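A look at the structure
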Amino acid sequence: MSATGMLAAAVALSAGLAPAAHAAPRQDSTVEAPKAPPKPTTVQIAGKFTGGKIIIQQTERPELFQRVLSEVNWLSGAAPTTTKPKADKLGPKYTVTVLIKDKATQLYDLYPMASGGPRAYRPAKQPSGKKAAGWFYGRLTMSESLRLSGIPLKEKPDVVSGGIGGGIGQDVENGELDPIAVGSDVLGQMRRLLLINGAVLVVVLAGLGGVAYLIRRRV
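Report follows, based on the coordinates. Keep in mind the model is a prediction, meaning the values are calculated, not measured.

1. Brief notes about a nonpolar patch on the surface
Together, Ile-196, Val-200, Leu-201, Val-204, Leu-205 and Leu-208 make up a nonpolar patch on the protein surface, roughly 570 Å² of accessible area in all. Summarising the element assignment, Ile-196 is placed in helix α4 (residues 179–218).

Structure follows, in structure tokens:
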């Protein structure tokens, strides 16, 4: 074999052993986790009071922000729990707007002094889109949360923090309730129940005695 032939064979062999220059890139099988939805950053309260508007930032007053937010945040996906009360039974209205940065996302009307307990109204026209309008029983803590925000309302220190709409089933932190007071209340309720049951029993026995007397006279 000539020198030229040997050189050509060597070049062909090296070309066959070399990796492909344009091999398909390796695909990454890692799937990115979905991003968590943005959380509210501001609540705004508007109404007929001095200044007409109160703005609470999560970064500046986190505890108060969370307290006011808890009064309305559950209303977003909840089903209405009551019908519209009479206008003269509602009391003053305070509109609470929930914002994420500078964008409004939720809006509700609160009536902390409504007759029969606090009420909340969810308008159909929401900043994030249309929803079913509805009336709700508000939390028993509503007036106190608004008062702490700066609304001129009467103080209610006896109201327990927490709880769901309508003030049913309040969540109580450990140590917030006096066990002796709770026990006394339970005993008082049991005593009233026993008295009622005793009175009913006396009435029933008297009735039976009267029936027996009538039957005896007829015989």
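2. What about the side chain of Glu-71?
Note that Glu-71 resides in helix α2 (residues 62–72). Buried within the structure, Glu-71 lacks any salt-bridge partner; Arg-139 is the closest side chain of opposite charge, at an N-O distance of 4.8 Å. Engagement of the side chain of Glu-71 in a polar contact is seen with the side chain of Ser-145, the distance being 2.8 Å. Excluding anything up to four places from it in sequence, Glu-71 contacts Arg-139, Thr-141, Met-142 and Ser-145.

3. Re the pattern of salt bridges
Throughout the structure, instances matching the rule amount to one salt bridge. Taking the shortest distance from any N to any O, the salt bridge between Arg-147 and Glu-144 comes out at 2.8 Å. Placement of the pair is Arg-147 and Glu-144 together in helix α3 (residues 142–149), with a separation of three residues, close to one helical turn. Accessibility expressed as a relative area gives 23% for Arg-147, which makes it partly exposed.

4. Observations concerning the nonpolar core
The biggest cluster of nonpolar side chains holds 23 residues, and the ones touching the most others in it are Ile-45, Ile-56, Leu-146 and Ile-151. Residue assignment for this core shows that the elements contributing at least two residues are β1 (42–47), β2 (53–57), α2, β3 (94–100), β4 (103–111) and α3. Among the elements that line this core, the one with the most residues is α2, at five residues. Setting aside residues no more than four positions away along its own chain, Ile-45 makes contact with Gly-52, Lys-53, Ile-54, Ile-56, Val-68, Tyr-94, Thr-95, Val-96, Leu-146, Ser-149 and Ile-151.

5. Digging into unusual backbone geometry
If you check the backbone angles, Lys-101 has positive phi at about 60° while not being a glycine. Topologically, Lys-101 is positioned in the loop between β3 and β4. Given the relative accessible area of 66%, Lys-101 is considered exposed.

Criteria and cut-off values
Numbers given for residues are sequential positions, taken from 1 along each chain in its written order. Local features are withheld for residues below a pLDDT of 70 in this predicted model, meaning they are given only at 70 or higher, and side-chain atom pairs are given and counted only at 80 or more; totals for whole chains, interfaces and linings count all residues. Derived side-chain values reflect all non-hydrogen atoms in the structure, with water molecules and hydrogen atoms excluded from consideration. Any residue with relative accessible area above 30% and no salt bridge may belong to a patch, with like charges joined within 9 Å and the nonpolar Val, Leu, Ile, Met, Phe, Trp and Tyr side chains within 5 Å. The Shrake-Rupley method, run with a 1.4 Å probe, gives the accessible areas here. Residue values count only the displayed protein chains as cover. Salt bridge, as applied in this entry: a Lys or Arg side-chain nitrogen positioned within 4 Å of an Asp or Glu carboxyl oxygen. Helix and strand labels come from DSSP, where a helix needs a run of H or I of at least four residues and a strand needs a run of E of at least two; each type is numbered from the N terminus. Relative accessibility under 20% of the residue-type maximum defines a buried residue, over 50% an exposed one, and the middle range a partly exposed one, all with a 1.4 Å probe and only protein chains included. Lys and Arg are tallied as positive, Asp and Glu as negative. Neither His nor the chain termini are counted. As used in this structure description, the phrase polar contact means that two N or O atoms lie within 3.5 Å; if the pair is within protein, one of them must be able to donate a hydrogen and the other to accept it, and residues adjacent in sequence are counted only when both atoms belong to side chains. Any two residues whose heavy atoms approach within 4.5 Å are treated as being in contact. By nonpolar core is meant a set of buried Ala, Val, Leu, Ile, Met, Phe, Trp, Tyr and Cys residues that side-chain atoms within 4.5 Å join together.

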